[in-house]
Every structure is written in C-alpha cells, then in structure tokens.
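Overview (structure and organization)
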Amino acid sequence: MSQYFDMQRRKFLKSSAALGSLVVGTCFLGAAPRALAGVLTPPSDTAKTANLFVALRPDGIVEITCHRSEMGQQIRTAVAQIVADEMEAAWDKIVVIQAKGDPKYGDQNTDGSRSIRFNLQRLREMGASVRYMMQHAAAKRWGVEPSSCSAVQHLVTHTSGKTFTYAELVSDALSITPPEADALTLKTREEWRYINTGMAHIDLQDIVTGKATFAADVRAPKALVAIIERPPVVGGKVKSVDDTATRAVKGVIDVVSIPAPTGAPQFQPKGGVAVVAENTWAAMQGRRALKIEWDDGPNGDYNSESFKAQLLETVNAPQEMVREKGDAASVLANDTDKLVADYYMPHLTQAPMEPPCATAMYYEDRVDVWASTQNPQADMETVGKMVGMEKEKINVHVTMLGGAFGRKSKPDFSAEAAYVSMKTGKPIRVQWTREDDIQHGYYHAVSAQHIEASLNDQGGIEAYLHRTAFAPIASTFAEGANAPFSFELDLGFTDNPILTPNLKLERGEAPAKARIGWMRSVTNIFHAFAVQSFIAEAAHKAGKDQKDYLLEVIGPDRVLDVTTQNAKYNNYWGNKSVYPLDIARLRGAIEKVADMSGWGRELPKGRGLGIAAHRSFLTYIATVVEVEVSDSGELDIIKSWVSVDAGTVVNTDSVINQTQGGSIYGITTAISGGITFDEGRVQQSNFHDFRVPRMSDSPLDVEVEIIQNGEAPAGVGEPATPVYAPALCNAIFAACGKRIRTLPIGDQLKA
Amino acid sequence: MLTLTVNGKNYEFSGDPTTPVLWFLRDELDLTGPKFGCGMAQCGACTVHIDGVAQRSCVLPVSAAVGRKITTIEGLSEDGDHPVQKAWLDNKVPQCGFCQCGQIMQAASLLASNPTPTDEEIVATMSGNICRCGTYPRIHKAIKAASKSIAGVEYYTPEKEGENA
C-alpha cells in the first residue's frame, strides 16, 4: 500500500529486449493528476536502456535512469539512492543515465521542489520489485521457498548459506512474473542503508576535475556559435538592420533574423538578429558591429519608479477578496492606533552561473537538441512550434545545469538554436552572454504589499488585512493578463498562518510589461517578507519577544484549512490529507531554530537576532539570522541557523547544502538593487550592477538541522530562500532599530 | 601566429590576437573546465593560472599570454588529487558545480602564495568568485582544510602539480 501518495499504482513492466537485461519500470494509469500521468511505453530495443528506469545488466551493473534535471540539488544521486536501496544493489555497481525528454516518464519539469515528492514511492517500488525478482529467481533455481532467501548487496543468500550473485540470476529473473505493487514489501525506515544518509554525490569527481558536461561543453556535434541581439523591450521588433560591418568580421559566417513572437510570451524567443560565427569571440564581435533600429511597441513606456507608485496605490485601496474570516474591515476602521505597513520588492532575475545555452541540429525529419533545461518536454514543444515540426520529432538531451533557479524551465534558448540551425543547415550553439541573461530574462515579479493590524489589550492580533499586488506570471501564458493565477496567491499569501478572529486578504491587479517568470520560491519571497516582517513589527508594538510573539500569533497546534474561510487553495497540488497545513510542524521548526541559535541570549551592542518561519513547497522552515550593524551603518551577517522539516528526506547532506545555499540565495533579495526598467529597457547588465551575494556578503556558517520524521516528502530546493530576507531585516531592527520595508536595503542603514 | 603554452603543451594560434584566453581554451582546444560566466572579470568562473597565479581568462587576450604558462583545471593535477580538489571532495562543496573549477583554481593560487591564510584573507581572495548556489561556507571550510594538509605536508609548487612547461 502506498505510504506517501494517494495515487493510482497499477503494475510493473518487464522486458528482456535490452541485451538480456532485466528491465523494470513503473507505470501509472487512470486518473492521476496531469503532472503524474506518465505511461511507460514498451522498452526500447536499442542497445541503450536509457529510456527505462532501471536495468540490471547481465554483468551485474545496474543502470538507473534519472528523468529529472540535475542543477545542483543532486537529484541524480538521490534517484540512485532510492532505487539501489530498495533493490539492495551494491553502490559501486550503479550507473546513472540521464533521460532525454519524453512524456513517457510523466512529469520531467524539474521545478517546484517536487522531484522526490513525485518519485520517492514509485522508485522505491521499482527497486523493491527487482529485489523480489532476485529472491524468487534464486528460490526457483534452488527449489526452495522465496521467504528462505534474502537479497542483500547484490547477493541472494539461502538460509543454508548458499548464494547467487545478482548477475547470475539475471536470465532466470526474466521468466519471473513481476510482482503487483501490493505484493511488494518495501524496506522499513530502519532497514534503509542509502536513503536518509548524506552519501557523496555521484558527479563530484567530474565537477572538481572540470569534466562535468554543461550545455556549452557539448562538443559533438562541432557547432557554430550564434550570439543574438534581442529587442531591448518586450514585444519590440526589428525596424531595420545593417549587418555590413558584422559580415566583415573575420570568422562571421551568417546573420539570421529571428521572427518576433506572437501572442503571450510563453517560452517563445524574443526575436532579433543572430550572428553566426566560427567561434564565440567572432560572434561577439560581430554582434557588437550590428546596427539595428528597434520598434519598441507598447512596453516602451515601462518605468520602474512610476510602476512602484502604481503598485503602492493599488494596495492602498480595496481589492478583490481572496480569503475572509470575521469582519476585519470594521475592526480596523475603528482602530485609531492600528499598525500599518507597506512593503516593496523590485524585480529580480535568477542569474544562474551558467547563462542559458543550447546546441541544436536541424534535420528534415527531426531536430537534436542539447540543452541545460529544467524541463526537456517544454523544449520539445517550444522547439517543435518554432521549426514547424511535431514535438515527438524533437530529441532533447539534458546536460548538467549550471544552476537554474527557474530560468531554465523556459527554453526560449533551445528554440533559438533550433531555428538558426534550420536557417543555416548547420549545428548551432546559441550562447547567451551575462548581459543577455540579465536583460532578456523571465523576471521575478516586482511587488507591493500593504498590511494593517489591530492589536488587542494583550497585544494579540484582533484584525488583520493584507493586500498584495504584483506583475503576474499569468501574463506569460495569457496575453495581457493582469490578475495572478491562483497558485501565485497560494504561495505564502492565501495560506497565511496567523490565527485571528478577523482576517481579510485581497489581491490587486498589475500589468506585466516584462516577461515574468518564477524564481526559486516564487511569490513566497515577497509574501513571506511582508508577513514575517510585519509580525516582528507587531511584536515590537506589543512589547513582546519576536519569537514568542510569532508562536503566539500563529496559535496552537492544529491543521489549518483555509478553504473554510472563503478561499481557494491548491496546496502545491499536494493532497490535503497527506500534506495538511500543520501548524504544529511550523511551531516545531520555530522552537527548534530558537534552540539552535540560543534565542534570547545576551548580545553586545550593535548585534541583533531576527527570526522568520514559513511553509513553502509543503516544507516547514524557520531561520534565525545574527547581524552586526556598525554606527556608520555597515551590515555584517555573523551567522545563520535554519531548521527544516521536509518530511522524509533522501540525501541528508544535499538537504543541508540546499538549505545553506537557499539561505544565501535569499541574501540576494536583501542586497541586490534588483532589476529596474526605464523606457522599457532593463537598466542592469552584468554582475557589477546586478549585485548577487559574494563570500564577503555571506555568513561563513549556516547551521542547518533537519527535523527528521516519517512524514511524506516535501520540497527542499526552494524553501530556505523566502525566510531569509525577513529574518535578516528583523535582525537588523533588533540590532539598530531601523525597520526595512523596502528592499534592497541599499543605503537605508546609513541614513 | 602565436604560440601558447597550456598545461605543459605548446599550441599555435593564428586567430584574432585580441581573443580572450577563455575562448582560445574552450573553442580551439576544447578545454571546457574554465567556464564563461560574465565576460568581464566579475564572477571568476573562467579562472585559470597564468604562471601559477589565478587570473580571469575571459578578459585576458591571448597576445598577453604568449610566453607564459597557462594552467587550467584539467592541468591542475594528474588525477584530481590536488589538495584543494581533495578538500572540495571531502567537504562535498559543489552543488551545480559550474563555478567550482574557477573557485578551485582561485583557492589553489591563494594557497600557493599563502599556505595558511586567515579567515579574512580567504574571504578577501575568494569574494571575486561568485557561486549562485551559495556554497561559500563550504568553500571557506574546504580552503581551511586544504591549508592544513598543504601546510602540514609540503608547500604547493606549480612545477610539482602539473604547471611545468
């Protein structure tokens, strides 16, 4: 029976087609959610078994297919840990094969912190089914009961002491009927040997020796390099182009116009002019020599200053109700001493260290693509549309991703490479520069938040009103959409944990005048910043300790079902009975981090501690930051502590590493000047003016504790980010009494 | 025609002498360890050693590297067993890994000139190398560990570690 998921498991599939290997996959049928509905097609008869999940070869080597993209979260290792553990495979006999894009795997969209959540159970069952078949094959050969045979570390042992290696049993196993899922005995938690350990990840050695293959490292086919000049304004078009000087650059081979997109941006290339050259330097020089006149279109008026004013105006007026309980409006109307705060955060861009890059080769009947993509099935669709071919004919090879953070779920770069290859008949590598990445992204939304609260005599929250407004992701998919998708509200807004008799949540509208995308933790970032900052402000007003007050306002242990308060809530597509919004776990994270950080201890002048807690991607997380603010306003982050309850976790070291990294990623929101626009153009261009955290900005110690339990697995990649900025700003307030409501911090501490 | 020395071997280059070393390494020699991250010496992903000292190959023209020894991550050690690489493995530093070759080259250069850097010296030297995954605490820890092994055993010398022409 399914321990974690309310999903329909049906059967396992087995084949001897692949070189006599035992091949096992899982198959989902029926009314599984769209993202889970993948059906395993008959196994490939080619020598490679890469399109199946696990194959035990006659030589005993286990090939495990990883269908999720690797971008530093160590999913390739985690997938292997799960399968190998349940099949009792020896770790040194494991080979991981990176899957191409193919709908038969089900969802491959590696974002939303859900690779383990979607796959832990089925991968365990697949591994366990191989172990079952090994046991039964040995039992049959010996003529004994399967229960008298145990499979441990690539070896089946009978109670008499005789043994067979897995390799010796492969051909016998081919005649064993694979078990129904219900006939499987999964290991107990105590029996796990790989799952829930911090074993080293499989690609480490390749990475430290420079052998890991990222998108730009693909050398076959030997590609020409294309660098593209794109319209500086979203929706803009080329009015005229003079490429005379470009074509005169030595090494430049061709200049190709890329058509402007139509309708909503989706993942379409922005259009522009591609310079194709023998090498990267020539392509860069060639692009510099282009003379292009642009027609900016309707977004040419986008200005971040006036947009900020517009957002703040929106959240200071009544808007559409999202969730309501009691009568917050009248309580607040009668309170002359209510606490009111506006919060603002600019656009940000993901800025992964590896700028977008893809190689493509167009043939008459197919396109081969090599890309650092988070979602190869989106590449299939986007490339297919771009070149006018069915998506089934687009072969997408997934390289290692040099970071992604949501940017590489949008494969405009693969479509560019395919298009230029189609036009030139040559293999093409489209290389984005850092300037391209910063100026032509899918931006984290600019946002404004307005919160009011009425405190009662004990300092508790009697009434609470929160309005949010931001440029919605919805606009990327529906032309001109001003209102957010409901999932954009679900993330840290609709699921507000404050317990109060009167609560009202409203959302405003805002046009998107840039391409809006998701960035690590998405709208949780600005929602958690506002809510967790405001709670600390209310604590101060009530004269109470931040941590005690936070626990007080979220209230006692309970399951919070916001849908009973006139709200729609999708719970990250997680089943509410498996993934309830459990206030006890949020409290647990807060208490744990308070303990870890020595909350309440005496601090020298200029030092302060700040706390923030949040549930995102179904994980409960709490962070404490210690800072020092000098008299002249210099900020130094001394140390951070994070407690994370992600339910069942697979690789404990990866969870710690992601939580440390996600915390430091959160520093970006506090220190970066963000992405700003004027005349529709992004005003930043590289790391000198789009500031990201460096070692000198980061604490050298981010202490992480995993709250271990047997709950269903939740997300790990994203949750550490949203809590960081509010914990940091709460610490700053504790250190020097300055409240930061507008990010970045900038010069606010120096005023 | 320029002659460039990379990882102990000589190569001829007849292209544009303003070509940055990074693109010579990647496009001409297929040495893909040095990465392209910014193109303006802001991020350090392209870091190589020039005569044993860390430099940003994305802004250094090949003409300025003639007669000097270029070392990439591929030439830092025979089998990935440079003390810094070993410390990176022991401390499980990398996440995505894209910046790590540059980080390792920067750290190796630091320890070659200063085998026992202080915490502050490590921060000052490494803050030119960006890691968006945020592995800074582990990088710092790994450098301290490598420092211990280097200082305790022998000083790192480029000649011994594959930087000889």
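These figures come from a predicted structure and were not determined experimentally.

**Observations regarding the confidence of the model for chain B**
Mean pLDDT over chain B works out to 93, with 92% of the residues at or above the 70 mark. Among the scores for the predicted complex, ipTM is 0.94 and pTM is 0.94.

**Comments concerning the nonpolar core**
All names here are of chain A. By size, the foremost hydrophobic cluster in this structure holds 285 residues, and its most contacted members are A226, V369, A418, L728 and I732. The biggest single contributor to this core is helix α18 (residues 720–736), with 13 residues. What A418 contacts, discounting residues up to four positions off in sequence, is A360, Y362, V367, V369, V383, M386 and V387.

**Digging into the interface of chain A and chain B**
Accessible area lost when the parts come together is the quantity often used to give the size of an interface. Listed per partner, the contact involves 48 residues of chain A and 45 residues of chain B. Looking at the side of chain A that touches chain B, the elements with two or more residues in it are α4 (204–208), α6 (280–288) and α17 (652–671) of chain A. Broken down by element, the side of chain A that touches chain B gets its largest block of residues, seven residues, from α17(A). Split by residue class, the side of chain A that touches chain B holds 22 nonpolar, 17 polar and nine charged.

**Some remarks on helix α9 (residues 376–387) of chain A**
All names here are of chain A. The end-to-end C-alpha distance of α9 is 16 Å, a good match for the 16 Å that twelve residues give at a rise of 1.5 Å each. Where burial is concerned, most of α9 is hidden: nine out of the twelve residues are buried. Those residues of α9 not exposed but buried are P376, Q377, A378, D379, M380, E381, T382, V383 and M386. The inward-facing, buried residues of α9 contact β17 (367–371), β18 (394–398) and α10 (412–424). One or two residues past the end of α9 sits G388, with phi positive at roughly 70°.

**Some details on the pairing of strand β9 (residues 224–229) of chain A**
Among the six residues of β9(A), six are classified as buried, and the element is accordingly described as predominantly covered. Because side chains alternate across β9(A), one face comprises the buried residues L224(A), A226(A) and I228(A), and the other comprises V225(A), I227(A) and E229(A), equally buried.

**Quick notes on the sheet that holds strand β6 (residues 149–152) of chain A**
Hydrogen bonding along the main chain pairs the strands of a sheet, whether they run parallel or antiparallel. Residue and element names in this part refer to chain A. One open sheet accounts for three strands, arranged β6-β7-β8; its pairing is antiparallel. Looking at which strands have only one partner, the edges of the open sheet turn out to be β6 and β8 (163–165). Strand after strand, the sheet turns through a mean of 20° between neighbouring axes, direction not considered. As paired elements, β6 and strand β7 (residues 155–158) share four bridges and run antiparallel to each other. Each bridged residue has a counterpart across the sheet, and for C149 the counterpart in β7 is H158.

Calculation criteria
- Residues numbered from 1 in each chain as written.
- Chains lettered and ligands numbered in written order.
- Predicted model: local features only at pLDDT ≥ 70, side-chain atom pairs only at ≥ 80, totals over all residues.
- pLDDT = per-residue confidence, 0-100.
- Core = buried A, V, L, I, M, F, W, Y, C linked by C-beta atoms within 7 Å.
- Buried ≥ 20, exposed ≤ 12 C-beta atoms within 10 Å, placed from the backbone.
- Helix = DSSP H or I, 4+ residues; strand = E, 2+ residues; numbered from the N terminus.
- Contact = placed C-beta atoms within 7 Å.
- Nonpolar A, V, L, I, M, F, W, Y, C, P; charged D, E, K, R; others polar.
- Expected span 1.5 Å × (residues − 1).
- Pairing = 2+ DSSP bridges.
- Axes fitted to C-alpha atoms, helices over the stretch in contact; angles between N-to-C directions.

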